[in-house]
Amino acid sequence: MPVWAASYSLCANAVTCRCLPVGLQYKISQDRCRYILEDHTSTGQGGLTTVIDEWLEWEATQLQPMIQKLCMSQTSTGKVTQNLETELKRLLSHLDNSTRNNPIGLTGSDISVADIVIWCSLLPLFCHETPFTDVVSGYSHLQEWFQRIRQMAPASAALKQLKGDLSFREIKMSLQAQPLFYQSSDGTKQTTTSHAVDSSVTLPSVSEEETRKAEAAWNSPSDTVPILRRREVPILPKDGERNILITSALPYVNNEPHLGNIIGCVLSADVFARFCRLRNLNTLYVCGTDEYGTATETKAMEEGVTPQEICDKYNRLHTEIYKWFNINFDYFGRTTTQAQTEIAQEIFWKLYHNGYILKDRVEQLQCEKCNRFLADRFVEGICPFCMYEDARGDQCDKCGKLINAVELKEPRCKQCNSRPVIKTSHHLFMDLPKLQPLLDSHLAENFEHGLFSSNSKIITKSWLRDGLKPRCISRDLKWGTPVPLEGYTDKVFYVWYDAPIGYISITANYTDQWKQWWLNPNKVELFNFMAKDNVPFHSVIFPCTLLGTKDNWTVVNNLSATEYLNYEDGKFSKSRGVGVFGRDAKNTGIPADVWRFYLLYLRPESQDSAFSWDDFLLKNNSELLNNLGNFINRALMFVSNNFASSIPDMVLQREDKELLALVTKELNLYIDNLANIRLRDGIRNILTISRYGNQYIQAHKPWVKVKGTEIEKERTKRINVLNSAAMLVVYVDVPDDATKTFCHSLTTLGTIIRHRARAGTIVGLAANIACLLSVLVQPYMPEVSKTIQTQLNAPPSCNIIHHEFVPQLLPGHRIGKPSPLFQKIEPSTIESLKQKFAGKQLPSKKTSVPVGDPNTISRLEKAVAEQGNEVRRLKSEKKDKSEIEPAIAKLLDLKQQLATAQGCDPGTVTSGGKKDKKKKK
Ligand SMILES: Nc1ncnc2c1ncn2[C@@H]1O[C@H](COP(=O)(O)OC(=O)[C@@H](N)CCS)[C@@H](O)[C@H]1O
């Protein structure tokens, strides 16, 4: 077939596709042009194909979108902006130069498919009544080229057959009749037919600048996206890089961790570590079990085994639980190791030789019934500072102050409840007052440049403000790191001197090059994760320990401390069976990622929060199932069902680019939140992006576009017949009627293809948002992330968090098989879990209250009155349920203790709220 025969139909084809739905670009017309002209563009012409491709690419990505914007702007507002005009002139200049250099066609001595496609695109600028005459008048070579093609028989014939001599009025009418949504430059949304955007679904607005930047990033991904590093073993600090050392507080081995422990330390640190890795930062995350101390000894006694056996058993149990929760440590160790003894003793010797160790006599509590000195955690009594009656021997849970156990009022042995006696013993103290200047200057710098949660700053400052006191670091126990100093060798180090050194010894068990992390403060950034009760040990005592050695230790630069997670309206209590502990979560059958999600959603970042089964159901069914899961499944199902599992071409319109900008904005907020350890907010960013995705799909209804309107569906049935007739045009002599039929066929086909192409863009963009979400959810829900990526068949290279949103699934990429990501949780399931973990409901302190003791009665009456005032205050200040409910539970508990002390039945006691009053009547 001679080129001009092909060009004839080609012009008709291209004019149809370009001009009737003028300004609305769809690459399919190029493909058809190429198909028709295949022989003339690819055979024996070497580099010409590449040149043509380049022009076609330029037309599709630059010229056509520009003309589209011009026509839309002109149609909706009657003018074009200065920016648009400048951009247009840039493109026209490029064409003018090229037509000056090539006197016939753009690509050489003959007319090619590129000439025809570009010529068709330019029609709105050259047609009758065009408002752009002045703009094009300055480009003489371009004008000559345009007229040359126009005078060629196929072009003029095609124009005549389709629209007569095209005028801009017709283009305008054609545009106004377009079923596609478009937005005028004044921002008002315009819709016309059933293919229109559902304007009741609105997305927030973004600026021109944000849209432009997001579009530029989308269009040039390779310039901006880094490649994720491989995870080496061992991971060591690298020169010229940010080296992130993350520690989670080391959980005690005397118990199974509860949900509070999990969110308070290992899970929070895990999310941050995963985020850092996805940011391509050189990251090491270590943790392990804290195995020394009385807690272990007591547990061993209870279970009739040795302390080492307890440690082994619980270390295994913790390992198993964290594995189930998908906590991705680089190394999970323990403190009962040789490295721990060596490092703890070496640090002690340095402190000793530097003059930071004092010797003193101490009074200690000894339980004569149990025949042992009582470690701080094994004695309870009234706080000497705030009079809280259940203060622990080491710290008051109410006012947070550290306590010397002998200062507790009315102490009682936790084991047997009898009153311990005070005995004198010789001990070693760290001279914290002498170390305070070193600590002050370390903290001054790191408070300014590092990340310290606000509670950690407040707690630390309250310690410093009162001036540090010498702190005892030895204990009369057997199970611990031995004190090496002569005269004290029958003692062990206090667990809180020992435990943070565990971070170092655990790293030493991971790599013999551990000093690169721990004696390298200029290259390493240290992040400690814990809950509020651990703060003073990490911000005061441990830093003083390290600074006092005068070695160049890596000392805390960043400290993230949560408040407490409570359980429903009270505290977790293993002994009372209240709350969800380690393996319980697994046994519910609810996937680990859903637990992770909910714990992180609740993360007590600024105040205590409470796990609630009802809320758990709500967040799973609304946020995970209806929002995130629904969006991803919808996007993937469309690709699968309507585009044969292949990502369609994406030709972005204004609203798509705005969506890019919105997603990019939220992505950047996400990065900022996670980088600043605001993990709760990061989840909300993910859910917002997914919500945008749902709204976008809802607004654009690709399911309508892909199937067509009823009229289009009817026409589709006839299209094959017409198409067969149309193909005749190409091969045989062309009678006028056949040309008309051909053109009509192509017009209809063009509309359908355009709608389908539009649906393709929407779905392709949605699939790419799903891919982005698969990466963003990874720190929070690693298994869900994997599942999404399998369903998307996403390239492994997508696993990086970058501040620009770029396409990872390119047109033609084949996705895998979609399936639902989350399951609905039924209310009946939640009800039975609620019952299961509600505990035995026994007032915990009943047995420990002596009956009829006037001092106890008067103390409890006072405490009940104070707690009653506290509850009233919280209620009158309309505090959150999570604050009020624990206070009420406390009041109830106190009243029950009082009832017991008065010889009454504690079971009849109520907290005294409105409902209770009614009952009394
Ligand atoms: N209710 C709670 N909410 C949040 N975080 C909590 C809660 N209770 C405790 N924690 C934190 O959990 C970890 C581990 O606590 P554990 O008592 O097992 O261990 C220790 O405190 C020490 N062994 C740490 C030595 S480094 C801890 O961060 C608590 O703050």
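Residues numbered from 1 in each chain as written. Predicted model: local features only at pLDDT ≥ 70, side-chain atom pairs only at ≥ 80, totals over all residues. Heavy atoms only, no water.

## Structural notes on the overall build of the chain
Operational definition: Numbered from the N terminus, helices here are DSSP runs of H or I no shorter than four residues, and strands are runs of E no shorter than two. Here, two residues are considered to be in contact whenever any of their heavy atoms come within 4.5 Å of each other. Computed with a 1.4 Å probe, the accessible areas rest on the Shrake-Rupley method; for each residue, only the protein chains presented here act as cover.
A count of helices and strands for the chain gives 35 helices and 18 strands. The contacts in the chain between residues at least 6 apart in sequence include a share of 77% that link residues at least 24 apart. When the accessible surface of the chain is split by element, carbon and sulfur atoms take 51% of a total near 38,800 Å².

## Re the side chain of Gln395
Heads up, the rule is: Identification of polar contacts relies on pairs of N or O atoms within 3.5 Å, with a donor-acceptor requirement for protein atoms, meaning one able to donate a hydrogen and the other able to accept it, and with residues adjacent in sequence counted only if both atoms are side-chain atoms.
Tracing the backbone through its elements, the reader meets Gln395 in the loop between strand 9 (391–392) and strand 10 (409–413). One polar contact links the side chain of Gln395 to the main-chain carbonyl oxygen of Gly400, over a distance of 3.2 Å. Contacts of Gln395, omitting those with residues within four sequence positions, involve Gly400, Lys401, Leu402, Ile403, Asp533 and Pro536.

## Details of helix 15 (residues 307–324)
The test is simple: One less than the number of residues in a helix, times 1.5 Å, gives the span that helix is expected to have. Each residue is placed in one exposure class: buried if its accessible area under a 1.4 Å probe, protein chains only, is under 20% of its type's maximum, exposed if it is over 50%, and partly exposed if it falls in between.
With 18 residues, helix 15 should cover 26 Å at 1.5 Å per step; its first-to-last C-alpha distance of 26 Å lies within 8% of that length. Taken together, the buried positions of helix 15 are Ile310, Cys311, Tyr314, Asn315, Leu317, His318, Ile321 and Tyr322. In the stretch just after helix 15, Asn326 is the one whose phi turns positive, near 65 degrees.

## What about the pattern of salt bridges?
To be explicit about the condition: Salt bridges are counted wherever a side-chain nitrogen of Lys or Arg sits within 4 Å of a carboxyl oxygen of Asp or Glu.
Applying the stated rule across the entire model yields 45 salt bridges. A salt bridge links Arg603 to Glu605, with the nearest nitrogen and oxygen atoms 2.9 Å apart. For Arg603, a relative accessible area of 2% puts it in the buried group. One network of salt bridges, in which partners are shared, links Glu380, Asp390, Arg412 and Lys414.

## Let's talk about the packing of aromatic side chains
Worth spelling out the cut-off: Any pair of Phe, Tyr and Trp rings, taking the six-membered ring for Trp, is counted once the centres come within 6.5 Å. Such a pair is stacked with planes under 30 degrees apart, edge-to-face with planes over 60 apart, and tilted for the rest. Distance and angle both matter: a charge sits over a ring if NZ of Lys or CZ of Arg is within 6 Å of the ring centre and within 35 degrees of the ring normal.
Under the counting rule described, the total for this entry stands at 37 aromatic pairs. Geometrically, the ring pair formed by Phe275 and Tyr670 is edge-to-face, given 6.3 Å between the ring centres and 70 degrees between the ring planes. Note that Phe275 is positioned in helix 13 (residues 259–278) and Tyr670 in helix 26 (residues 654–675), a separation of 395 residues in sequence. Like Tyr670, Phe275 is buried. The ring centre of Tyr564 lies 5.1 Å from the NZ or CZ of Lys532, which sits over that ring. One residue, Arg684, lies across the ring of Tyr601, its end atom 3.8 Å from the ring centre.

## Observations concerning the site of the ligand
Put simply, the rule reads: Consider each residue's heavy atoms; a residue with any of them within 4 Å of a molecule or strand counts as near.
Around the ligand sit 21 residues, and of these Leu250, Asp290, Asp533, Asn534 and Leu565 come closest. Take Asp533: an N or O atom from its side chain is 2.5 Å from an oxygen atom of the ligand. Starting from 620 Å² of accessible surface for the ligand in isolation, the protein chains cover 92%. Elements that contribute at least two residues to the shell around the ligand include exactly helix 13 and strand 15 (524–531).

## Here we look at the side chain of Asp115
Note the following rule: Asp and Glu are treated as the negative residues and Lys and Arg as the positive ones, with His and the ends of the chain left uncounted.
Mapped onto the elements of the fold, Asp115 is located in helix 6 (residues 113–126). No salt bridge is formed by the buried Asp115; its nearest oppositely charged neighbour, Arg148, is found at 6.9 Å. A polar contact is formed between the side chain of Asp115 and the backbone nitrogen of Leu106, at a distance of 2.7 Å. At 2.9 Å, the side chain of Asp115 forms a polar contact with the side chain of Trp145.

## Focus on the pairing of strand 8 (residues 379–382)
Stated precisely, the cut-off is as follows: At least two bridges found by DSSP between two strands is the condition for calling them paired.
In terms of strand pairing, strand 8 meets strand 10 through three bridges, oriented antiparallel. Bridging across to strand 10, Val379 finds its partner in Cys413. Of the strand pairs in this sheet, strand 8 and strand 9 are connected by two bridges, and their pairing is antiparallel. Counterpart to Gly381 in the pairing with strand 9 is Ala391.

## Focus on the packing of helix 17 (residues 432–449) against helix 18 (residues 454–465)
Selection rule: Lines fitted to the C-alpha atoms define the axes, with helices restricted to the stretch that makes contact. Angles between their N-to-C directions range from 0 to 180 degrees. Throughout, the term roughly parallel applies to angles under 35 degrees, roughly antiparallel to angles over 145, roughly perpendicular to angles from 65 to 115, and oblique to all others. Helix crossings get a hand from a simple test, with the near helix turned counterclockwise from the far one by less than a right angle marking a left-handed crossing and a clockwise turn marking a right-handed one.
In the contact formed by helix 17 and helix 18, the axes pass within 12 Å of each other and the chain directions differ by 155 degrees. If you check the angle between helix 17 and helix 18, you find them roughly antiparallel. In the crossing of helix 17 with helix 18, the sense of the turn from one axis to the other is left-handed. Across the interface between the two elements, Gln436, Leu439, Asp440, Leu443 and Phe447 from helix 17 touch Lys457, Thr460, Lys461 and Leu464 from helix 18.

## Things to note about the sheet that holds strand 10
With respect to topology, three strands assemble into an open sheet ordered 9-8-10, the strand pairing being antiparallel. Both edges of this open sheet fall to strand 9 and strand 10, since each of them pairs with a single strand only.

## Structural notes on the sheet that holds strand 4 (residues 282–289)
One open sheet holds the five strands; their spatial order is 5-4-3-15-16, and the pairing between them is parallel. At either margin of the open sheet sits one strand with a lone partner, and together these are strand 5 (331–334) and strand 16 (558–562). Taken pair by pair, the neighbouring strands of this sheet meet at an average axis angle of 20 degrees, ignoring direction. Packed on one face of the sheet, helix 20 (residues 501–510) meets strand 3 (243–248), strand 4, strand 5 and strand 15 and runs near 110 degrees to strand 4.

## A word on the packing of helix 17 against helix 22 (residues 535–548)
Interhelical geometry of helix 17 versus helix 22 gives an angle of 100 degrees and a closest axis separation of 9 Å. Compared by their axis directions, helix 17 and helix 22 come out roughly perpendicular. Every residue of helix 22 that contacts helix 17 at Leu432, Leu435, Leu438, Leu439, His442 and Leu443 is listed here: Ser539, Val540, Ile541, Pro543, Cys544, Leu547 and Gly548.

## Focus on the confidence of the model for the chain
Stated formally: Confidence per residue, as judged by the predictor, is encoded in pLDDT with a range of 0 to 100.
With 81% of its residues at a pLDDT of 70 or more, the chain shows a mean pLDDT of 83. Across residues 1–33, where pLDDT falls below 50, the model places 121 contacts with residues more than four positions away in sequence or in other chains. In the predicted complex, the global pTM is 0.69; the interface-specific ipTM is 1.00.

## Re the environment of Phe597
Here Phe597 lies in helix 24 (residues 592–602). According to the relative accessible area criterion, Phe597 is buried, its value standing at 3%. Expressed as a C-alpha distance, the spacing of Phe597 and Leu624, which sit 27 residues apart in the sequence, is 8.8 Å.

## A few points about the nonpolar core
Using the following cut-off: Take the buried Ala, Val, Leu, Ile, Met, Phe, Trp, Tyr and Cys residues and link them wherever side-chain atoms come within 4.5 Å; each set so joined is a nonpolar core.
Membership of the largest hydrophobic core comes to 181 residues, with the highest contact counts inside it found for Ile246, Tyr497, Trp595, Trp613 and Tyr780. Discounting chain neighbours no more than four positions away, the residues touching Trp595 are Leu259, Trp324, Phe325, Val580, Ala585, Thr588, Ile590, Phe611, Trp613 and Phe616. Ile52, Ile67, Trp119 and Cys127 belong to the second largest nonpolar core, which has 39 residues in total.

## Some words on the environment of Trp595
Structurally, Trp595 can be placed in helix 24. Note: C-alpha distance between Trp595 and Phe325 (270 residues apart in sequence) is 8.1 Å.

## Description of helix 8 (residues 140–151)
To keep it simple, the criterion reads: Note: the arc covers the axis-to-C-beta directions of the helix.
In this model helix 8 runs 17 Å from its N-terminal to its C-terminal C-alpha over 12 residues, within 8% of the 16 Å that 1.5 Å per residue would give. All of the buried residues along helix 8 are Leu142, Trp145, Phe146, Ile149 and Arg150. All buried residues of helix 8 project into a common sector of 135 degrees when viewed along the axis, lining one side.

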